[in-house]
Amino acid sequence: MMTQAFYTGISGLKSNQTGIDILTNNLANISTVGFRGYNTEFASMFEDSLNTATSGSSTSSSIGAGVQMQSSTMNRDQGVIQLSDQSTDLAILGNGWFGIQGETDTMYTRAGNFTFDRESDLVTPDGYYVLGTMGGNITDDGLLNGILPEVKLGDVGSQQKLRFPKTLTYPPEPSTTAKFIGNIGTDAEVRTIGATVVDPQNSKNHLRLSFTMAVPQVLPGSQWDVVATTQTLDGTTIYDTKTGVASFDATGALVSSTLSTIDNNGASVEIDLGNGYDGVVAINNIPITASSMADGTIGGDLEGYSVNKNAEVIATFTNGLQSSVGKIAVYHFRNEQGLDRASGSRFLEGTNSGSPLFYTDASGENIIGADIMNFNLEGSNVQMTVGLTDLIILQRSYDANSKSITTADQMMQKALQMDA
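Residues numbered from 1 in each chain as written. Predicted model: local features only at pLDDT ≥ 70, side-chain atom pairs only at ≥ 80, totals over all residues. Heavy atoms only, no water.

Colleague: Sorry if this is basic, but what is going on with the overall build of the protein here?
Modeller: On a plain count of helices and strands, the protein comes out with 2 helices and 35 strands. Relative to its full complement of 420 residues, the protein shows a buried share of 41%. Only carbon and sulfur atoms are counted for the fraction: they give 50% of the accessible area of the protein, which is about 21,800 Å². (Helix = DSSP H or I, 4+ residues; strand = E, 2+ residues; numbered from the N terminus. Buried < 20%, exposed > 50% of the residue type's maximum accessible area, 1.4 Å probe, protein only. Areas by Shrake-Rupley, 256 points an atom, 1.4 Å probe, with all protein chains shown as cover.)

Here you go:
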């Protein structure tokens, strides 16, 4: 029995020391972003059953020869959400892991404290690349070739480093159509309606229509001579001039127009006066009005990148337009407990975790499968009060096991002295 006391005490020292190491590591990382603590589980060694008077006895019916660390399990509770001032700071609500490219392997983390570096690559504070799906709408020469409201998440194996150009241009989209709306009345006065149109050189120009009542008039209805002109906004340069006739019926509805297109410094613009009452009309006894609508977009240069709450990387341009250019991946595992800790808040795929996967929606499209909060970070899920309490318990258990070894040694010494 004295020998067994040595074994029991020594196993207790080793197990409690391991538990203390785990707890102190948890407490040391209480301020680490995205850190997940570990819990300790112990089991008896070489346990033997004992006979008891009653099967329902509340006392132990077994005796062991010590204790061992059975396992340390990941604490999967949500960490405290902390407000941030950067859109690139992200917190995952629920299950999921961000992927970052390590030196050799992909690592997974809950720490979303990302940033854009000098090269406009999305990285961690120590320079590891964040993984996701690129939008494919940026050309090699730094032009945005299409606006994307959302980037579809690719397959797990196709995720790549989210790297974006430092300079990006939103090319101008020349105007192709200008629609005019208004009432020119029935009085023999000159009426003008204007529209702003964009040319291929990224300039805004003025498309001006001048209506003059034709002479002679053919009743019923009215006819108007129309002169269309494209020119710079200051009027110093005229690019094109077209003439035509707009005919209205007796009610003032537009019947026909011989104006079709006009050149806008290299781009053809369709002149749309409408049809019937949908557009330009010539009606008496109602106010004279004029308005217009033209398509086309002025080009712009990149103002910067940001991340929204859907984990989309958004490019913002000086012309006020935005486009998604990438999507941050959120990975999932069948068994998160099987992940192997690489360091701090970073983990590697383990033999028991299963391979990383993406959730899918009803149509089979890959989705991030979690709520993302930008301008927020998930803190450590270690609670100071719980950690300190458990640490005190383990330290006292460690002391008790140490005393049991001392007592067994004293008993051994007395037994040897009795034999002498």
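Colleague: Please clarify how the sheet that holds strand 34 (residues 371–374) should be interpreted in this entry.
Modeller: Hydrogen bonding along the main chain pairs the strands of a sheet, whether they run parallel or antiparallel. In space, the 3 strands of this open sheet follow the order 9-6-34, with antiparallel pairing throughout. Both edges of this open sheet fall to strand 9 (112–113) and strand 34, since each of them pairs with a single strand only. Where strand 6 (residues 89–93) lies against strand 34, 4 bridges are found, and the strand directions are antiparallel. Bridge assignment links A91 to a residue of strand 34, and that residue is M373. (Pairing = 2+ DSSP bridges.)

Colleague: I tried to follow the nonpolar core on my own but got confused; where do I start?
Modeller: As a rule of thumb, soluble globular proteins bury nonpolar side chains together. F98, Y305, V313, I328 and I372 are the most contacted members of the largest nonpolar core, which totals 40 residues. Among the nonpolar cores identified, the runner-up in size contains 23 residues, and L209, F248, L273 and V280 belong to it. (Core = buried A, V, L, I, M, F, W, Y, C linked by side-chain atoms within 4.5 Å.)

Colleague: How do you make sense of the pattern of salt bridges when you look at a structure like this?
Modeller: Think of it this way: side chains of opposite charge can pair up when their charged atoms draw near. Enumeration according to the criterion identifies 10 salt bridges in this entry. Residue D126 is joined to R346 by a salt bridge in which the shortest nitrogen-to-oxygen separation is 2.9 Å. Taken as a pair, D126 in the loop between strand 11 (122–123) and strand 12 (129–134) and R346 in strand 31 (residues 346–348) lie far apart in primary sequence, 220 residues in all. Each of the salt bridges in this network shares a partner with another, and the network as a whole consists of R36, R76 and E336. (Salt bridge = Lys/Arg side-chain N within 4 Å of Asp/Glu carboxyl O.)

Colleague: Got a minute to help me understand unusual backbone geometry in this structure?
Modeller: Leave glycine aside and you will find that most residues have negative phi; peptide bonds, for their part, are mostly trans. A cis amide bond links V215 to the next residue, P216, at an omega of 0°. One non-glycine residue with positive phi stands out, namely N202, at about 70°. Within the fold, N202 resides in the loop between strand 16 (191–198) and strand 17 (204–213). Of note in the backbone geometry, N265 takes a positive phi value of approximately 55° without being a glycine.

Colleague: What should I look at first to understand the packing of aromatic side chains in this one?
Modeller: All chains considered together, the criterion is met by 9 aromatic pairs. Both rings, one in F116 and one in Y305, keep their centres 5.6 Å apart while their planes meet at 35°; by these two values the pair is tilted. Remark: Y305 occurs in strand 26 (residues 300–307) and F116 occurs in strand 10 (residues 115–116); sequence separation between them is 189 residues. Here F116 matches Y305 in class, with each residue buried. (Phe/Tyr/Trp six-rings, centres within 6.5 Å; stacked < 30°, edge-to-face > 60°.)

Colleague: Explain the pairing of strand 26 to me, please; I cannot follow it from the model alone.
Modeller: A regular strand places its side chains on the two faces of the sheet in alternate fashion. With 2 bridges connecting them, strand 14 (residues 169–170) and strand 26 associate as antiparallel partners. From the neighbouring strand, T169 faces strand 26, where its bridge partner is D301. Following strand 26, the chain reverses through 4 residues before pairing antiparallel with strand 27 (residues 312–317); A311 in that reversal takes a positive phi of roughly 65°.

Colleague: Before we go on, may I ask you to explain the pairing of strand 16 in this structure?
Modeller: Where strand 16 lies against strand 17, 8 bridges are found, and the strand directions are antiparallel. Looking at strand 17, one finds that V197 is bridged to N205. Adjacent in sequence and paired antiparallel, strand 16 and strand 17 are bridged by 5 residues, among which N202 carries a positive phi angle near 70°.

What is shown is where atoms sit, not what they do.
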